[in-house]
Every structure is written in C-alpha cells, then in structure tokens.
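Chain by chain, the residues run as shown.
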Amino acid sequence: ELVALSTRDQIRAIRELPMSFGEKKHIRSGFESQAVKDDKLPFQCHSADRVNHYTLQRVIKQNSTVQRLEVIGKFGTSVLSYFVFLKWLLMFNIFSFLINFGFITIPLLVYDPLPNIPPNVSFRGLEILTGVGYFNYTVMYYGGYSNETLVGQVDYNMQLAYFFTIAVYMVLCGIALIFSMASSFKTNHVLADPASESAWQLLCSWDFSVTNEKAVRQRKNNLCVQLKESLSEKAQRKRLTLSEKLGHFGVYLGSWLLSTCLILATDAANWSLLQEAKTLLVPFVVSLMNLVVPLFYSLFNKFEHYSSHRRLIYALVVRNVFLKVSILAVLCYYWMNVVAETFCWESMVGQALYRLVVVDFLFLMLGSFFGEFLSNVIGTRLLPRIGVPEFDVARNVLELIYAQTLAWLGIYFAPLLPAIQIVKFFILFYLKKVSLTQNCQPPQRTGRAAQMQTIFIALLFFPFFVGALSIVAYVSWSLTPSEHCGPFRGLNNSFSVVGVWIHHLEDIPGSQWAIWIYQNIIKSEIFYFIVTLIILMIIYVFWQVTQGRKELIVLLKQQIVNEGKDKSYLLDKLQNLQTSQPNKTNKLMNQKKV
Amino acid sequence: MGNKQTIFTDEQLDAYQDCTFFTRKEILRLHSRYHELAPHLVPMDYTNDPECKLPLALIVNMPELKENPFRNRIIESFSEDGQGNLSFNEFVDMFSVLSEMAPRELKAIYAFKIYDFNVDNYLCKEDLEKTLNKLTKEELTPEEVELVCEKAIEEADLDGDNKLSFADFENMISRAPDFLSTFHIRI
C-alpha cells in the first residue's frame, strides 16, 4: 500500500518503519525503480522536492542553539519549559508593539511630529524610572494622542483607530490563549493517566537527554527518594491516627490563615500608601511584597505535611496567585475610583503602570541576584549544609505571568508600554540563563512538566488575562474619559466612538448593512441571550458524548481483560490436550502410514 | 552548495536522507563523529559500502551516551547481531530514532526493545527489576524493588498475563505526554 502514496508520503512512511537501515534502503530502492519506470520527471526534481521538504521541516521544528543543548543536558525539560514560556510571552508583546506603533503612533507622528511640550520641561535621566515629566507629553501615554481626524492623503480617524486597535489586540490575545490552553489541556490532561504513577516513574520518567554526570546522579537520587516516599506513603496512610490527622489539619488551617493575613496586610499597606500619593514608593512596596511574601509561603511549606509533592506545588501556586491578584485588585480599585476624577487621569494610570513595570524589572534582577547568586555563595562556601539553590520553576513562571498582566493592563493607558516589556523580557531571558547555569541546580523533583505547563497557561488566561480584559472593558464602557487630553476627550465613554461612527455612516449610501448589524445585533440583548442558549446546548451535548465515551472505555478495558483470560484458558487447554494424548496422535500417524 | 565531499556518493546521501530523520549536513557530521571514535578503523571513503563495525566499548564512551543508565541496551537494540557492534548505518539509525523528529510510535517500539533485557518481546518482572536497578543504582532494597515492579505491572498490564506486552506498553506511553521529549538524545 505504500506504493500508492506520493513521494513525500512515501519518504515519511519509510522513515517511520521500525526496520533496520538496510531493509529500509531495500524498500526504498524498490520504489525508485518503479518511479523511474512510471513517470518522466528527471531524478533531480525528486531531490529538489526532498530538499525543500526537509529544510522547511527543519526550520519549523528545529530550535537548536548551543544554549538550548546546555539547558537540556543539565537541567532537563521542565526548566526548558520556563524559557519556552518566556519566549511565547515575548511574542505577544512584539505583536502588540507592532500594531500599536503601526496603527496609532505612526499616523500621529507623521501628522504632527513634534510633541507640544511646555517650555520649562526638559529630558532628565530620571524619567526612565518615574515616567513623568518629559514622557508625559509624548506619545508614550494616552494623553499624548489627539482626538481629531487626521487630514492628509487619507482621512484617518484617531479615535476609531485607538479603540479598535486595542480591542482587536485583546480579542486576538484571548483567542490565542484559549486555543493554546485547550490544546495543552487535551494532550496533557485528558490523554494522560494519573493512575499509573509507578509504571510511569519506572518507564517514562527517565530523561534521556540529560548528559551531565552530576545531573544524572542527582536524578537517580531523586528517583530513589521519590520511590521510597511513595512506598512509605502507602504504608503510612494506614497508620495515621486521628490525633495526627487533626494535627495536620490544624497546621494547614494555621498556614492558610497566616497567608491570608499576609495578603490583607499587604493590601492595607498599599492602600494607605496610595492615599498618600508617593509616586515611587508604591511600586517599590508592591514589588517588595511580591518578592518577600512568597518566601514566607515557602517557609510555611516546610512545616506542613502534604501527602504528595504535587499538592504542595498547587498550594504554593494558589497562595501566590491570590497575593498577586489581590495586589492588582487594590491598585485597580484605587485607579478606577479615586484617580479617575482627576485631570488627565489615564496618563496618570499609564505612568503608574510604567513605574510598576520598571520597578518590577529591577526587583526581578535583584531577586535573581539575591535569590540565586547569593544563595549559591552562602550555600557553597558559608553554610554548606544548605547546598546550592534550586531553580524554582513555579515561582519564576508566576512572576512572568504577573509582569505580562501589568503590560496587558497598561496597553490602553500607555500604548508603547509593550516596548519596555520587550526589552525587559529580552534581558530577563539572558539573565536567567546565566544565573541558571552559574548558580542553580536542577529541580529536585522530576515532576510532570507537561501538566504544570497546562496549569500555567490556564493561570495566564484566568484570572490574569480575563482580569486585565475586564478592567480595560470597564474603563472603556463606564468611565468618563478625561476632558482635556487623549483621543476620547469630550465623549461620555470610549465605547461611544462606535456609536458616533455608525451615525456618520448613515450619510454614506451603501453601508446600510453595517448600521443594521450594529443596531440589531451588537446593541440588542436578545441576540446575546440566544447565542448563550445555543452555546449551552452544544456544551451539554458534548458533555453527554464524553460521558458515553468514558463508559465505552471502561467496557473496552474489561473486554481486553476478558480476552486475556480467554487466551490463557485456551493455552492451558491446549497444553493439557497435548500432554494427555501423545499416544493417540502416534497411533493416528502409524495408521496413516499403513 | 560549496565543496564537494567525497565520503558518500549522492545516491547514498539521498538514501540516508530518505530513510532517516537527518539532513545531508547532519549525516556528514554523524560520520565525522563515528570516525572520531576509531580513526584507524573507520574509513573516510564510504562510497563502496565498506563493512566496518565498531564494538560496543567504543560507542559507549560517547559523551551523549556515557552517563545514560541504559547505554548498553540502547546500543544492543540497534545492532543487528545483538552484541552491540554498530555499523555506520545502524549508528545513524540509532540517533535518528532518538532524535526529536521521530514520531511517538517509532520511539515506543525501540523503547520497548531497550527495556526488554531478555529479548522475549515481553517486559516481565525481571526486566522491570533490572530497569529499576539501573535507574536507582541499587539503592533500594530488594523488597522495595519487588514492590515497585509489582505495582508497575499491576497498573500497566491490561490483559492480565502478569507481564507487559508491547500493546500494554504502547497504551501507557500514549498517556504520557512527556515521553516524546524525554526519550530524546541530541547529537
């Protein structure tokens, strides 16, 4: 059947045969002789086809720099997933920067290249840190954009451009996140089976790409420890007395209460500082809390006894997520309710976000220095008992997610913020790589990296992206834009640009369909109600299908077991038959001879 | 394309490209690695298909394989004679299956061969025990080893014959999404 395929498929099929090279070559030469007989294309065409096919495949699949080799060889694939995640987030920012710069900033710069700065303000170096002063009047922030329709060769409506660019970007981000989350969930959770822990550890968990001697030895130790733990857990689970269980429960409760208290304390401190309006102190305190409180959480972990390492990681992740979400919630509440009354408030929010991003970057660098470099020095020279620090993938990924959320919040208020984010992530990539190779050891537990990846993408989507999207939506829907600056001055809310545009369209003949769509679909509630109903029905149908398939899987597994039993029964019967009746068969054969 | 190499004919390189997951450049690089292992044994001119096999002891010292607990089994499963003597074709085959381009099914077949120490097409308890000992460097007690292997068989054996056939193994692999990235040696 291989003959019937095209050349490319033939090549692919040959490569995937589990035979030795000699046999594959034999099969392949069989095809070639047939191909030469059949078609008239010269041999060179085939090889050109091959070359294109290979190089394209290579370019798409291969990402091999020497650096990646190092990281895999020593640290394994779970740490690599951190860097892959970082690169993926970088793509979001590059895309955002390109469309913001292209659709919003460039038209303004072309139309009016000189920003109208008041005469007594000049560029001092401090602006890079604080974001106020000179930057306030440039296109960096919302306030620097005009609300006019730029007249030139083509009339360019700045208001619509600003609104639609931001809206389209957020929607595209959401779609990209949903798709990657769904596909990751499908491969890593649905098809993965948590019930085969032991078999998995034995047969699938060894990372063949680790080539460094110390790393290999470490992994062997880790596997040993993990196996011993899981064996002793099974024994221990039967021996926990009631008092011990109560004790564990008390410890869990205590540490959750403590972490909630820490979060509330952080929020109170932030709120009071915000009220006092000290510009640089707020980001400083926020980043400090983000750095310090997770360390407390790791400390709590040492006192708690979780039944499996995975639950420990989940608890840690949940607490960190609560911390970051609460900090962002306090900040957003302050901005939406208190700042929104002041003069040119969007620019002020943009500046606050800019400062947060910059200070967060500084703290990430400092954290890398103190957390990893100094720990390494202390661990190896001063207190060798502690040992070399571990690269904590979970904490680092959460920091990345938080940084990206700040960028998403800031896009509406400071369209060029992704540029800063690009620089930040770029430097962070190389910094972390250097820090990793110099200071850290691989993570102790060879946990299931793929499942953690799904969780991180899911966390990125909800609550962080959804939160940022809802804040931006709230701002554009409910809050009054400031009256003296920005592209939406004079309107009741940003969303009304669409209404105004549709109103203008009524004068243009031939666009009745757009007006009809706006009036009857986007503005009407019945439409959304019907769509929601339809989606709910589809979900229900799919859910029932899934339930049916689960039952089918159970039945099929039972069938396999039964087939196995049948096979062994028949084999036994055959053996019995052969051993009990050898003479009968001999007699038969003798009779036949005669 | 620049300088003309004289190690392989064009037809040979095309055959390699078609039957493995490597490009021409990588095959030439593999040949130089193969040559480095035993410069006096491996000819530089492969145009007339010389019969040259390198013993297991030489191949096992490659940095990619040196620290791997299964290095001997890996080399043995790709050698035709089962003793670990690899010709260049088998060498290329080995790294091709272990490269990141090979599909999951192919890797599963060879992973099964690697873990099957007594080559009886089943992973019986002794095979699993040997695997575990190689992975933990004999730091577990024999009772613990036995317990773990029994649990593994219990979890993965579907047809109830107390050993893992290839179907059981493949079923387990299909539910381990990390397998493609862990069963991978980069050269």
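Residues numbered from 1 in each chain as written. Chains lettered and ligands numbered in written order. Predicted model: local features only at pLDDT ≥ 70, side-chain atom pairs only at ≥ 80, totals over all residues. Heavy atoms only, no water.

Considerations on the overall build of chain A
Now for step 1: Each helix and strand in chain A was counted, giving 20 helices and 2 strands.
Now for step 2: A burial count over chain A gives 41% of its 594 residues as buried.
Now for step 3: Surface summary for chain A: the accessible area is close to 33,300 Å², and the carbon and sulfur share equals 67%. (Helix = DSSP H or I, 4+ residues; strand = E, 2+ residues; numbered from the N terminus. Buried < 20%, exposed > 50% of the residue type's maximum accessible area, 1.4 Å probe, protein only. Areas by Shrake-Rupley, 256 points an atom, 1.4 Å probe, with all protein chains shown as cover.)

Notes on the overall build of chain B
Now for step 1: Scanning chain B for helices and strands turns up 11 helices and 2 strands.
Now for step 2: Going from the N terminus to the C terminus, chain B shows its helices and strands as α-α-β-α-α-α-β-α-α-α-α-α-α.
Now for step 3: For chain B, the spread of C-alpha atoms along the three principal axes comes to 60 × 30 × 25 Å.
Now for step 4: Every one of the 187 residues in chain B was classed for burial, and the buried ones make up 57%.
Now for step 5: Summarising the internal contacts of chain B: among those between residues at least 6 apart in sequence, 55% fall at separations of at least 24.
Now for step 6: Surface summary for chain B: the accessible area is close to 8,100 Å², and the carbon and sulfur share equals 50%.
Now for step 7: Distance from the positive charge centre (20 side chains) to the negative charge centre (37 side chains) of chain B: 6 Å. (Contact = heavy atoms within 4.5 Å. Lys, Arg positive; Asp, Glu negative; His and termini not counted. Charge placed at Lys NZ, Arg CZ, Asp CG, Glu CD.)

So, the pattern of salt bridges
Now for step 1: Taken as a whole and assessed by the stated rule, the structure comprises 13 salt bridges over all chains.
Now for step 2: The partner of Arg 217 of chain A in a salt bridge is Glu 213 of chain A, with the nearest N and O atoms 3.8 Å apart. On the criterion of helical spacing, the pair formed by Arg 217 of chain A and Glu 213 of chain A is a turn pair, its members being 4 residues apart in helix α9 (residues 213–237).
Now for step 3: Overall, the relative accessible area of 45% leaves Glu 213 of chain A in the partly exposed class.
Now for step 4: Here Lys 53 of chain B ties to Glu 90 of chain B by a salt bridge, and the two come within 3.8 Å at their closest N and O atoms. (Salt bridge = Lys/Arg side-chain N within 4 Å of Asp/Glu carboxyl O.)

Considerations on the UniProt feature "domain: EF-hand" (unreviewed entry) in chain B
Residue and element names in this part refer to chain B.
Now for step 1: Under the UniProt annotation, "domain: EF-hand" (unreviewed entry) lies at residues 66–101, 103–138 and 144–179.
Now for step 2: When the span residues 66–101 is considered, its composition is 53% helix and 6% strand, and the gap between its end C-alpha atoms is 23 Å.
Now for step 3: A distance of 25 Å separates the end C-alpha atoms of residues 144–179, which is 64% helix and 0% strand. (UniProt positions renumbered as here; feature names shortened; annotations may be inferred.)

Considering empty space enclosed by the protein
Residue and element names in this part refer to chain A.
Now for step 1: If you walk through the whole model with that rule in mind, you get 8 cavities of 30 Å³ or more.
Now for step 2: Taken as a whole, the largest cavity spans an internal volume of roughly 80 Å³.
Now for step 3: If you go around the largest cavity, the residues you meet are Ser 287, Asn 290, Leu 291, Lys 324, Asp 360, Phe 363, Leu 364, Glu 399 and Tyr 402.
Now for step 4: For the lining of the largest cavity, the per-class residue count stands at 4 nonpolar, 2 polar and 3 charged. (1 Å grid on protein atoms, 1.4 Å probe; cavity = no way out; pocket = protein on both sides within 12 Å on 5 of 7 lines; lining within 4 Å. Points joined across faces, edges and corners; volume = space filled by probe spheres on them. Nonpolar A, V, L, I, M, F, W, Y, C, P; charged D, E, K, R; others polar.)

Structural notes on the interface of chain B and chain A
Now for step 1: Listed per partner, the contact involves 62 residues of chain B and 64 residues of chain A.
Now for step 2: Taken together, the two surfaces of chain B and chain A that pack against each other cover about 6,000 Å², and 62% of this comes from carbon and sulfur.
Now for step 3: Of all residues in chain B, Asp 18, Arg 175 and Arg 186 of chain B give up the largest surface area on contact with chain A, accounting jointly for 12% of the area buried on that side.
Now for step 4: At the surface where chain B touches chain A, the tally comes to 0 salt bridges.
Now for step 5: Viewed at the interface, chain A and chain B are joined by 4 residue pairs in polar contact (both at pLDDT 80 or more). (Buried area = accessible area lost by both parts, 1.4 Å probe. Polar contact = N/O pair within 3.5 Å; in protein donor to acceptor, adjacent residues only side chain to side chain.)

Comments concerning the domain arrangement of chain B
All names here are of chain B.
Now for step 1: Once the domains are mapped, chain B shows domain 1 (10–98) and domain 2 (104–182).
Now for step 2: The C-alpha-based centres of domain 1 and domain 2 are spaced at 27 Å.
Now for step 3: Tallying the contact residues gives 9 residues for domain 1 and 12 residues for domain 2.
Now for step 4: With both sides pooled, the region where domain 1 packs onto domain 2 buries about 1,000 Å², and carbon together with sulfur makes up 73% of that total.
Now for step 5: At the boundary of domain 1 with domain 2, the tally comes to 0 salt bridges.
Now for step 6: On the surface where domain 1 and domain 2 come into contact, there are 3 residue pairs in polar contact (both at pLDDT 80 or more).
Now for step 7: Residue composition of the side of domain 1 that touches domain 2, grouped by class: 7 nonpolar, 1 polar and 1 charged. (Domains from an automatic or database assignment.)

Brief notes about unusual backbone geometry
Now for step 1: For the bond from Phe 462 of chain A to Pro 463 of chain A, the omega torsion is 10 degrees, close enough to zero to count as cis.
Now for step 2: With respect to the helices, strands and loops of the structure, Pro 463 of chain A is situated in helix α16 (residues 449–478).

Observations regarding the packing of aromatic side chains
Now for step 1: Summed over all chains, the structure comprises 43 aromatic pairs over all chains.
Now for step 2: Between Trp 271 of chain A and Tyr 334 of chain A the ring centres are 5.9 Å apart and the planes differ by 85 degrees, which places this aromatic pair in the edge-to-face class. Here Trp 271 of chain A is found in helix α10 (residues 242–276), whereas its partner Tyr 334 of chain A is found in helix α12 (residues 309–337), with 63 residues between them in sequence.
Now for step 3: Owing to a relative accessible area of 11%, Tyr 334 of chain A belongs among the buried residues under this scheme.
Now for step 4: For the pair Phe 88 of chain B and Phe 91 of chain B, a centre-to-centre distance of 6.4 Å together with 25 degrees between the ring planes defines the contact as stacked. Residue Phe 88 of chain B and its partner Phe 91 of chain B are located together in helix α6 (residues 88–97), separated by 3 residues, close to a single helical turn.
Now for step 5: For Phe 88 of chain B, a relative accessible area of 1% gives the class buried.
Now for step 6: Three or more aromatic residues link up through ring pairs in this structure, and these residues are Phe 208 of chain A together with Phe 70, Phe 112, Tyr 115, Phe 166, Phe 169, Phe 179 and Phe 183 of chain B.
Now for step 7: The residue whose ring lies beneath Arg 319 of chain A is Tyr 297 of chain A, and the NZ or CZ to ring-centre distance is 6.0 Å.
Now for step 8: The ring of Phe 117 of chain B carries the charged tip of Arg 73 of chain B above its face, separated from the ring centre by 5.9 Å. (Phe/Tyr/Trp six-rings, centres within 6.5 Å; stacked < 30°, edge-to-face > 60°. Lys NZ or Arg CZ within 6 Å of the ring centre and 35° of its normal.)

Regarding the packing of helix α7 (residues 104–115) of chain B against helix α10 (residues 166–174) of chain B
All names here are of chain B.
Now for step 1: For the pair α7 and α10, interaxial distance at closest approach is 10 Å and the crossing angle is 125 degrees. Classified by the angle between their axes, α7 and α10 sit oblique to one another. The way α7 lies across α10 gives a crossing that is right-handed. Residues Arg 104, Glu 105, Ala 108, Ile 109, Ala 111, Phe 112 and Tyr 115 of α7 lie in contact with α10, whose contacting residues are Phe 166, Phe 169, Glu 170, Ile 173 and Ser 174.
Now for step 2: For the contact of α7 with α10, the residue count by class is 8 nonpolar, 1 polar and 3 charged. (Axes fitted to C-alpha atoms, helices over the stretch in contact; angles between N-to-C directions. Parallel < 35°, antiparallel > 145°, perpendicular 65-115°, else oblique. Left-handed = near helix turned anticlockwise from the far one by under 90°.)

Things to note about helix α14 (residues 393–410) of chain A
Now for step 1: The terminal C-alpha atoms of α14 of chain A, which comprises 18 residues, lie 26 Å apart, in line with the 26 Å expected from a rise of 1.5 Å per residue.
Now for step 2: Counting buried positions along α14 of chain A yields 17 of 18 residues, so the element is predominantly enclosed. (Expected span 1.5 Å × (residues − 1).)

Description of the packing of helix α5 (residues 71–78) of chain B against α6 of chain B
For any two helices packed against each other, the geometry comes down to the angle between their axes and how far apart the axes lie.
All names here are of chain B.
Now for step 1: For the pair α5 and α6, interaxial distance at closest approach is 9 Å and the crossing angle is 120 degrees. With respect to each other, α5 and α6 are oriented oblique. Every pair of crossing elements has a handedness; the one defined by α5 and α6 is right-handed. Every residue of α6 that contacts α5 at Ile 74, Ile 75 and Phe 78 is listed here: Glu 90, Asp 93, Met 94 and Val 97.
Now for step 2: Residues of the contact of α5 with α6, tallied by class, amount to 5 nonpolar, no polar and 2 charged.

Some remarks on the environment of Glu 105 of chain B
Now for step 1: Relative to the helices and strands, Glu 105 of chain B resides in helix α7.
Now for step 2: C-alpha of Glu 105 of chain B to C-alpha of Ile 153 of chain B: the two residues are 48 residues apart in sequence and 21 Å apart in space.

Brief notes about the confidence of the model for chain A
Residues and elements named next belong to chain A.
Now for step 1: A residue-level look at chain A finds 79% of positions with pLDDT of 70 or above and a mean pLDDT of 78.
Now for step 2: Per-element averaging of pLDDT across chain A places helix α3 (residues 43–61) at the bottom with 43 and helix α19 (residues 525–580) at the top with 91.
Now for step 3: Of the regions scoring below 50 in pLDDT, residues 38–67 engages in 35 contacts with residues more than four places distant in sequence or in other chains. (pLDDT = per-residue confidence, 0-100.)

Remarks on the nonpolar core
Now for step 1: Core analysis: the largest hydrophobic core is formed by 106 residues, its most contacted members being Trp 335, Trp 408 and Tyr 412 of chain A.
Now for step 2: Among the elements that line this core, the one with the most residues is α12 of chain A, at 13 residues.
Now for step 3: Excluding residues that lie within four positions of it along the chain, Tyr 412 of chain A makes contacts with Tyr 142, Tyr 162, Ile 166, Val 472, Val 475, Phe 488 and Ser 494 of chain A.
Now for step 4: Ranked by size, the runner-up nonpolar core spans 76 residues in total, among them Phe 78, Leu 86, Val 97 and Leu 123 of chain B. (Core = buried A, V, L, I, M, F, W, Y, C linked by side-chain atoms within 4.5 Å.)

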